[in-house]
Amino acid sequence: MNYNGSVGEAFFQEEPFWASDDVNVLYARGWNLNKYTALFLCTIIRQERYRFSYGRKWTLEKMQDSHIKLPATTDGTPDFAFMERYIKSLPYSDRI
């Protein structure tokens, strides 16, 4: 996720890659993400970029303090099944 330039821009990358120091790479720890749930998360992350700008960069420290709201199951864990179904329900999702 960029914290310089296009602040808050988020992408899902399945293949190994190199990133500049203007990019913070986010890893799912304890979650099994697939391309559908990852794209849902990228969209949610992009919705937070309005809070940040060049003068108020979304640095790693600020990212660690950020709270991203996700759909949850009744026990409070992220509802990845819902996220996947939602992305798959979108037009042209069969091209992902």
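Each remark here, short or long, concerns the structure printed above.
Model, not experiment: these values are computed from the prediction. (Residues numbered from 1 in each chain as written. Predicted model: local features only at pLDDT ≥ 70, side-chain atom pairs only at ≥ 80, totals over all residues. Heavy atoms only, no water.)

Caption draft 1: Up close: the layout of surface pockets. When its volume is computed, the largest pocket comes out at roughly 1200 Å³. Of all the secondary structure elements, the ones that give two or more residues to the lining of the largest pocket are α1 (35-46) and α2 (60-65). Among the elements that take part in the lining of the largest pocket, α1 stands out by supplying four residues, more than any other. Among the residues making up the lining of the largest pocket, the classes are represented as 22 nonpolar, six polar and two charged. (1 Å grid on protein atoms, 1.4 Å probe; cavity = no way out; pocket = protein on both sides within 12 Å on 5 of 7 lines; lining within 4 Å. Points joined across faces, edges and corners; volume = space filled by probe spheres on them. Helix = DSSP H or I, 4+ residues; strand = E, 2+ residues; numbered from the N terminus. Nonpolar A, V, L, I, M, F, W, Y, C, P; charged D, E, K, R; others polar.)

Caption draft 2: Quick peek at the side chain of Ser93. Position of Ser93 among the secondary structure elements: in the segment after α3 (80-89). Beyond its immediate stretch of four places on either side in the chain, Ser93 contacts Tyr36, Ile87 and Lys88. (Contact = heavy atoms within 4.5 Å.)

Caption draft 3: Summary view of unusual backbone geometry. Residues other than glycine seldom take positive phi values, yet Tyr92 does so here, at roughly 70°. Following the sequence through the fold, Tyr92 ends up in the segment after α3. Judged by relative accessible area, Tyr92 falls into the exposed class, the value being 63%. (Buried < 20%, exposed > 50% of the residue type's maximum accessible area, 1.4 Å probe, protein only.)

Caption draft 4: Here's a closer look at the environment of Gln13. By the secondary structure assignment, Gln13 is in the segment before α1. Using a relative accessible area of 44% as the deciding quantity, one classes Gln13 as partly exposed. In the structure, Gln13 is positioned 55 residues away from Ile68 in sequence and 20 Å away in space, judged by C-alpha atoms. Engagement of the side chain of Gln13 in a polar contact is seen with the backbone oxygen of Glu15, the distance being 3.4 Å. (Polar contact = N/O pair within 3.5 Å; in protein donor to acceptor, adjacent residues only side chain to side chain.)

Caption draft 5: View of the packing of α1 against α3. With their axes 8 Å apart at the nearest point, α1 and α3 run at an angle of 90° to one another. By the criterion of interaxial angle, the relationship of α1 to α3 is roughly perpendicular. Contacts from Tyr36, Thr37, Leu39, Phe40 and Leu41 in α1 reach Phe80, Phe82, Met83, Glu84, Tyr86, Ile87 and Lys88 in α3. Partitioned by chemical class, the residues of the contact of α1 with α3 number nine nonpolar, one polar and two charged. (Axes fitted to C-alpha atoms, helices over the stretch in contact; angles between N-to-C directions. Parallel < 35°, antiparallel > 145°, perpendicular 65-115°, else oblique.)

Caption draft 6: Expanded view of the environment of Ala38. You can see Ala38 is positioned in helix α1. We classify Ala38 as buried; its relative accessible area is 5%.

Caption draft 7: Summary view of the pattern of salt bridges. Throughout the structure, instances matching the rule amount to three salt bridges. Its salt-bridge partner being Glu9, residue Arg46 comes within 2.7 Å of it at the nearest N-O pair. Residue Arg46 is found in helix α1, and its partner Glu9 is found in the segment before α1; the two are separated by 37 residues along the sequence. For the salt bridge of Asp94 with Arg95, the shortest nitrogen-to-oxygen distance reads 2.9 Å. (Salt bridge = Lys/Arg side-chain N within 4 Å of Asp/Glu carboxyl O.)

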